[in-house]
There are 2 protein chains.
Amino acid sequence: MNILDLLVGKPIKTSDERAEQIGPAQGVPIFGLDALSSAAYGPEAALSLLIPLGLLGVRYIVPISAAIITLLVIVYFSYRQTIAAYPSGGGSYTVARFNIGARAGLLAAAALLADYILTAAVGISAGVGALVSAVPSLLPHTVSLCVGILVIITILNLRGVREAGTVFAIPTYLFVGTLLITIVAGILRVLLSGGHPQPVVPLPPPPPMTEAVSYWLLLKVFASGCTALTGVEAVSNGVKAFREPTVKNAQRTLTIIIFLLAVLLAGISYLVKSYGIVATDPGKPGYQSILSILTAAVFGKGFFYYLSMGAILIVLSLSANTAFADFPRLCRAIARNNYLPHTFAYRGRRLVYTYGIVVLALLSGSVLILFRGVTDRLIPLYAVGAFLAFTLSQAGMVMHWWKKRGPHWLKSAFVNGLGALVTGITTAVVLLAKFVEGAWITLLFIPSVITLFVRVRQHYHRVKVLTTCKIPVDVAGLNQAPIAVVPIDRWNSITRQGVEFAARLSPEVVALHVEPDEHSILLRDEWQHYVEKSFRAAGKEPPQLQIVPSPYRFIVIPILQFVLELSKKNPGRNIVVVIPELVEDKWYEYFLHNQRGRLLEWMILVRGNEHIFTVSAPWHIREQK
Amino acid sequence: MNILDLLVGKPIKTSDERAEQIGPAQGVPIFGLDALSSAAYGPEAALSLLIPLGLLGVRYIVPISAAIITLLVIVYFSYRQTIAAYPSGGGSYTVARFNIGARAGLLAAAALLADYILTAAVGISAGVGALVSAVPSLLPHTVSLCVGILVIITILNLRGVREAGTVFAIPTYLFVGTLLITIVAGILRVLLSGGHPQPVVPLPPPPPMTEAVSYWLLLKVFASGCTALTGVEAVSNGVKAFREPTVKNAQRTLTIIIFLLAVLLAGISYLVKSYGIVATDPGKPGYQSILSILTAAVFGKGFFYYLSMGAILIVLSLSANTAFADFPRLCRAIARNNYLPHTFAYRGRRLVYTYGIVVLALLSGSVLILFRGVTDRLIPLYAVGAFLAFTLSQAGMVMHWWKKRGPHWLKSAFVNGLGALVTGITTAVVLLAKFVEGAWITLLFIPSVITLFVRVRQHYHRVKVLTTCKIPVDVAGLNQAPIAVVPIDRWNSITRQGVEFAARLSPEVVALHVEPDEHSILLRDEWQHYVEKSFRAAGKEPPQLQIVPSPYRFIVIPILQFVLELSKKNPGRNIVVVIPELVEDKWYEYFLHNQRGRLLEWMILVRGNEHIFTVSAPWHIREQK
């Protein structure tokens with residue numbers, strides 16, 4: 001227990017929950033890391049598709065960014081409404097389930113689960129990728145680095161939501177701070193230079209134009225840029241993590257996140273256009289990220305440049321944390337509706353949903369190991385889930401307002417309807433633009449997860465129906481004592497304890513000895529001397545000693561067969577198998593004694609019937625000292 | 001069970017043991033592979049130390065071989081006597097234990113265990129080494145090949161001793177046959193050519209002489225050549241595997257093995273001298289083994305050459321099998337004296353000592369993986385164990401004859417005494433000559449194993465003393481029924497079954513509900529309705545319902561604490577914890593229900609006391625269908 005205390009901290013009382021709840025200051029790093037870090041890769045994803053247009057492409061970045069920011073604002077308003085309407089959290093899953101129907105809820109849930117698993121994997125691998133491109137000697141350790149960061153994030157999350165928020169606050173605010181300073185300084189330079197700023201470090205030379213502009217290309221640029229929106233959903237799933245006033249605090253957190261993200265996106269795209277920065281090809285030598293080119297152009301490659309790059313690197317790899325904050329909460333919501341094992345709904349010692357955290361760590365760890373930390377191929381799969389969930393959530397909110405039809409319901413429904421329409425179109429665009437590259441995998445994953453959900457629920461339903469009990473206890477049958485069976489090896493204190501216990505449970509005791517060799521004569525003598533004589537002296541019927549030969553030297557199977565046959569001969573009668581067991585003092589002594597008792601217990605549990613019970617009669621070495 | 005049947009065969013009855021016993025025809029491959037295969041590496045090991053003497057070194061091989069063969073014959077006669085004196089097997093361990101003392105026995109046992117682990121590892125790696133030098137493209141797969149062969153040998157041994165003998169017979173007799181043909185043909189050519197035979201394939205050019213002859217060098221050559229003697233011990237450990245007349249069959253097997261080995265060693269050394277073959281350096285290009293040079297010189301590189309080389313390769317890698325035949329038998333002998341866990345003495349479904357086979361496979365597998373299949377560094381450690389065991393065994397036999405002092409005892413004692421003296425000197429020589437190269441590791445290993453032996457025996461002794469029981473059953477106390485505790489979660493069929501069972505065991509039942517949330521009102525109602533009412537109607541005292549709050553949401557720990565406290569309040573009174581459990585239908589349903597019942601059972605077993613018993617009250621889903 002002490003190792004657990006050290007690793008994840010001391011248990012927290014349920015009644016101390018309020019101290020564990022968070023405000024916006026911790027909420028932004030916990031639920032906003034994913035969204036904010038996308039300022040580092042969203043514009044990059046869009047701009048790299050514009051490379052074939054050469055310097056001409058730069059002029060499209062401002063209108064496309066404007067479209068993405070508009071979409072962001074629409075999504076923001078609809079999630080604000082969602083938080084107010086569903087203060088117990090659950091996000092897209094809950095909204096779609098309550099307003100559209102169970103199937104739509106499951107669709108949203110499966111899409112989100114896929115999204116979170118990939119968010120965790122892609123975030124870590126992107127961070128490690130940035131680190132490795134800065135320090136190439138670390139390249140062979142990519143997978144180990146990924147797994148190491150995953151383990152750290154997992155432990156921090158197991159320690160509780162507050163602690164994670166505190167730890168992640170520094171890099172988050174450092175990232176936002178340095179980027180804002182760069183943006184403000186860059187805008188000042190643009191204005192002071194009359195719109196033609198001189199970069200401190202020369203820009204990479206713009207590539208020649210090799211392609212003409214087309215609507216399809218611009219659509220793909222937009223779809224890629226939309227990866228900047230993943231993570232916006234996060235706050236709505238985690239409303240319950242906030243302290244009172246819960247809804248206000250959650251909304252404030254969302255507002256801060258979206259406001260910062262919008263400012264960062266707008267600032268970056270304005271500067272990219274003003275400086276005329278063209279992306280470099282990530283596959284080719286001389287590659288530099290957009291933010292690296294931009295920071296160097298504004299400030300040169302000094303201390304501030306390296307500070308900014310360091311912050312980006314840390315924030316990218318920690319963006320996985322948003323998935324850790326939301327995945328367990330979503331699983332809990334699903335499990336409470338019986339679609340996932342109930343263990344997902346139990347809160348561990350630190351009031352977090354331990355199982356969800358561990359399962360997410362295992363799943364995204366497998367993805368990282370399977371793809372050896374190079375998750376480039378996973379990025380295409382990634383936005384589909386998020387946008388599908390967005391769409392279902394918005395559409396659900398429209399239904400919600402329509403069902404309630406309170407004052408101004410039309411205004412609210414319009415906001416969410418617009419959100420649903422735009423995110424729906426975006427889902428289709430993303431799916432089309434990225435289908436071949438891998439989005440089809442998500443399309444296979446989602447229905448299999450839904451099948452799993454349905455199966456799990458069917459099982460729970462079946463068990464519930466079978467175990468529901470409207471019959472009172474049958475007191476009349478209680479007088480019939482069970483038959484007690486005691487498997488014994490030889491006569492010793494352990495056996496004696498077992499026989500005495502069995503005799504206390506029932507007047508009908510059978511001692512069973514399985515005989516692979518021929519040492520039963522001694523046992524018979526001892527049985528007569530130590531057991532039968534005492535019983536006769538007390539005027540009682542002594543227990544029988546049954547000896548069963550075992551030609552194949554098996555011990556456990558003949559006992560099981562004997563018990564099953566006894567049960568067949570006495571239908572309806574309870575049988576108690578009393579298993580005398582030696583309990584070792586130290587764990588390594590385990591190897592010194594056979595563990596047949598435990599094996600027998602397990603075999604009877606699996607192969608027995610409802611009338612057969614097993615009793616462990618433990619005999620502790622340590623007490624006899 | 002079906003996979004096991006397929007892999008290792010159907011179980012064999014104890015009474016069918018005789019059919020599993022073997023005669024000399026299977027005995028030679030099973031117990032002789034190690035000894036016979038040493039004809040392939042013993043002369044090689046000696047000759048490669050003679051390289052610095054150039055062509056001059058060849059003249060020393062015949063006297064040194066003569067000395068080794070003499071030693072072999074001495075050892076043979078003393079082991080023949082050992083077999084007759086100890087027909088139940090056990091070899092050096094048993095002999096040293098009975099005649100010198102327990103400590104000497106343990107020393108012999110530890111030395112032999114070390115020897116067998118290394119025999120298995122070195123044999124396999126030598127075979128794979130030969131294969132890899134023939135087919136260099138397999139080099140990167142060295143470890144996998146080693147492990148693969150190890151797995152095959154392990155499974156064959158688990159299938160039973162007879163089957164292993166049959167499978168290994170073909171390569172063994174092929175190896176001996178081809179080598180004998182080469183020797184006979186070679187001797188004929190030597191004689192026909194008047195002592196100056198012309199090699200069919202030219203010999204590698206002899207290296208220049210770089211060192212002078214010294215006694216120390218010749219001593220080292222002798223010590224290296226003595227590796228040819230390891231494996232002679234094997235038959236004496238496995239006497240019980242032979243069919244009636246056991247001793248005669250075992251002696252015959254030993255005679256055949258030693259005779260063949262002596263002929264092979266003598267023939268090889270004669271031909272090496274006659275042809276003037278100088279060993280080539282194994283580390284340098286152009287390396288060829290002695291047997292390869294010799295066979296090519298006699299027959300040229302035709303079909304027969306490749307057949308011989310193939311046989312050598314297979315026999316080397318299968319020589320590990322001797323360790324598999326003896327290690328489990330030795331462990332069983334040690335375990336029967338309580339120095340190793342008793343499981344080593346149980347015979348599995350195929351009448352072999354399953355645990356010993358599996359433990360040897362694990363240990364030698366670890367050695368192979370740790371040294372990546374390159375066991376050159378292990379060879380120095382290797383002969384020490386065998387010769388130490390030889391010496392102790394011979395010395396023990398001298399004591400044996402002296403104690404009995406039957407007719408001709410002096411003759412027998414002389415044979416064994418000579419053996420002890422010579423093997424003792426050899427042990428010292430081997431240890432001195434190879435100390436720095438690695439023999440010191442064996443010197444560390446042996447005392448740690450002996451410490452383990454002593455500790456294990458102390459434990460068994462302590463348990464035996466503690467559990468020995470000369471007190472008859474206490475019938476007077478049997479009337480006091482135990483207190484039954486039933487942990488319950490909510491009211492359902494599983495709970496009902498548990499409560500009914502508990503009420504049958506005892507009139508004093510406590511139902512225990514641990515309360516992390518607040519749904520106990522419903523439970524109280526149902527308890528009153530379904531339990532209390534029925535009991536009252538039957539005029540009985542209903543069981544109490546105890547509700548325990550759990551501020552940290554733990555379930556198992558509060559139950560454990562309650563039970564321990566109840567036990568403290570009722571000293572001497574038995575407490576039965578009845579654990580209602582849902583038994584899943586399919587294994588994967590395991591994940592859908594919490595396994596707290598099993599956890600509680602385990603916790604009570606470990607942390608409870610001798611008055612606390614647990615009962616599993618299994619409720620099977622499948623029966624309710």
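Predicted model only: the values in this text are computed from it and were never measured.

A. Spatial organisation of the overall build of chain A. Looking only at helices and strands, chain A has 21 helices and five strands in total. Relative to its length of 625 residues, chain A is extended, with a C-alpha radius of gyration of 33 Å against a globular reference of 25 Å. If you line up chain A on its principal axes, its C-alpha atoms span 115 × 60 × 45 Å. Burial statistics for chain A: of 625 residues in total, 49% are counted as buried.

B. Main features of the packing of helix H9 (residues 215-225) of chain B against helix H17 (residues 409-467) of chain B. Residues and elements named next belong to chain B. Contact geometry of H9 with H17 gives a least axis separation of 9 Å together with a crossing angle of 110°. On the basis of their axis angle, the class for H9 and H17 is roughly perpendicular. Contacts from Leu219, Lys220, Phe222 and Ala223 of H9 reach H17 at Thr426, Val429, Val430 and Ala433. Class assignment for the residues of the contact of H9 with H17 results in six nonpolar, one polar and one charged.

C. Representation of the domain arrangement of chain A in the model. Entries for chain A in the domain assignment read domain 1 (2-462) and domain 2 (476-624). Using only C-alpha atoms to locate each centre, domain 1 of chain A and domain 2 of chain A end up separated by 61 Å.

D. Main features of unusual backbone geometry. Residues Glu244 of chain A and Pro245 of chain A are joined by a peptide bond in cis, for which omega reads -10°. Examined against the element boundaries, Pro245 of chain A turns out to sit in the loop between helix H10 (234-237) and helix H11 (246-275). With a phi angle near 60°, His408 of chain A is a residue other than glycine that sits in the positive phi range. Inspection of the secondary structure assignment puts His408 of chain A in the loop between helix H16 (379-404) and helix H17 (409-467). The backbone of Asn338 of chain B sits at a positive phi, close to 70°, despite the residue not being glycine.

E. A look at the sheet that holds strand E1 (residues 483-487) of chain A. Taken together, ten strands build an open sheet; the order of strands is E3(A)-E2(A)-E1(A)-E4(A)-E5(A)-E5(B)-E4(B)-E1(B)-E2(B)-E3(B) and the sheet is mixed. Strands at the two margins of the open sheet, each flanked by one partner only, are strand E3 (544-549) of chain A together with strand E3 (544-549) of chain B. With strand direction ignored, the average angle separating the axes of adjacent strands in the sheet is 25°. When E1 of chain A meets strand E2 (residues 509-515) of chain A, the two strands line up parallel, connected through four bridges. Across the sheet, Pro487 of chain A pairs through a bridge with Leu512 of chain A, a residue of E2 of chain A.

F. Local environment of the interface of chain B and chain A. Facing the 71 residues of chain B at the interface are 69 residues of chain A. Elements with a contribution of two residues or more to the side of chain B that touches chain A: H17, helix H18 (493-505), helix H19 (520-537), helix H21 (596-607) and strand E5 (612-620) of chain B. At ten residues, H18 of chain B tops the list of elements feeding residues into the side of chain B that touches chain A. Taken together, the residues of the side of chain B that touches chain A sort by class into 39 nonpolar, 18 polar and 14 charged. Here strand E5 (residues 612-620) of chain A pairs with E5 of chain B via three bridges, running antiparallel. What sits directly across from Ser616 of chain A, in E5 of chain B, is Thr614 of chain B.

G. Geometry of helix H7 (residues 142-158) of chain B. Residues and elements named next belong to chain B. Under the 1.5 Å per step criterion, the end-to-end length of H7 is 24 Å for 17 residues, consistent within 8% with the ideal 24 Å. By the burial criterion, the buried members of H7 are Leu145, Cys146, Ile149, Leu150, Ile153, Thr154, Leu156, Asn157 and Leu158. Directly after H7, the chain includes Gly160, whose backbone phi takes a positive value near 120°.

H. Region of interest: helix H5 (residues 91-99) of chain A. All names here are of chain A. Burial analysis of H5 places eight of its nine residues in the buried class, the great majority of the element. Among the residues of H5, Gly91, Ser92, Tyr93, Thr94, Val95, Ala96, Arg97 and Asn99 are the ones counted as buried. Backbone geometry just after H5 places Gly101 at a positive phi near 150°.

I. Seen up close, the nonpolar core. Grouped together as the largest cluster of nonpolar side chains are 151 residues, with contacts concentrated most on Ala108, Val272, Leu294, Ile334 and Leu360 of chain B. The element best represented in this core is helix H6 (residues 102-134) of chain B, accounting for 20 residues. Ignoring anything within four residues of it in the chain, the contact list for Leu294 of chain B reads Thr182, Ile268, Leu271, Val272 and Ile277 of chain B. One finds Leu261, Val298, Ile357 and Ala389 of chain A within the second-largest nonpolar core, a separate group that totals 150 residues.

J. Broad picture of the relation of the copies chain B and chain A. Of the transformation placing chain B onto chain A, the axial shift is 0.0 Å and the rotation is 179°, giving an RMSD of 0.2 Å. In the structure described here, the two chain copies are related by an operation that fits a two-fold rotation axis. Taking C-alpha positions as reference, the residue of chain B nearest the rotation axis is Val615 of chain B, located at 2.1 Å. The overlap is high: 97% of the interface residues of chain B also sit at the interface in chain A, so the same surface is used on both sides.

K. Layout of the environment of Arg97 of chain B. For Arg97 of chain B, the position within the fold is in helix H5 (residues 91-99). Each C-alpha atom of the pair Arg97 of chain B and Ala109 of chain B lies 9.4 Å from the other, and the pair is twelve residues apart in sequence.

L. Quick look at the pairing of E2 of chain A. Residues and elements named next belong to chain A. Among the seven residues of E2, five are classified as buried, and the element is accordingly described as predominantly covered. Between the parallel elements E1 and E2, the chain passes through helix H18 (residues 493-505) in a crossover that is right-handed. One ladder, built from six bridges, connects E2 with E3; its direction is parallel. Its bridge partner lying in E3, Ala511 is registered against Leu545.

M. Summary view of the confidence of the model for chain A. Residue and element names in this part refer to chain A. Per-chain confidence: chain A averages 84 in pLDDT, with 95% of residues scoring 70 or above. Averaged over each element, pLDDT in chain A is lowest for helix H1 (residues 2-8) (68) and highest for H11 (93). Interface confidence for the predicted complex, given as ipTM, is 0.74, next to a pTM of 0.70.

Rules of the game
- Residues numbered from 1 in each chain as written.
- Chains lettered and ligands numbered in written order.
- Predicted model: local features only at pLDDT ≥ 70, side-chain atom pairs only at ≥ 80, totals over all residues.
- Helix = DSSP H or I, 4+ residues; strand = E, 2+ residues; numbered from the N terminus.
- Rg over C-alpha atoms; globule rule 2.2 N^0.38 Å.
- Buried ≥ 20, exposed ≤ 12 C-beta atoms within 10 Å, placed from the backbone.
- Axes fitted to C-alpha atoms, helices over the stretch in contact; angles between N-to-C directions.
- Parallel < 35°, antiparallel > 145°, perpendicular 65-115°, else oblique.
- Contact = placed C-beta atoms within 7 Å.
- Nonpolar A, V, L, I, M, F, W, Y, C, P; charged D, E, K, R; others polar.
- Domains from an automatic or database assignment.
- Pairing = 2+ DSSP bridges.
- Expected span 1.5 Å × (residues − 1).
- Core = buried A, V, L, I, M, F, W, Y, C linked by C-beta atoms within 7 Å.
- Least-squares fit on C-alpha atoms with pLDDT ≥ 70 in both.
- Right-handed = clockwise from strand over helix to strand, strands pointing away.
- pLDDT = per-residue confidence, 0-100.

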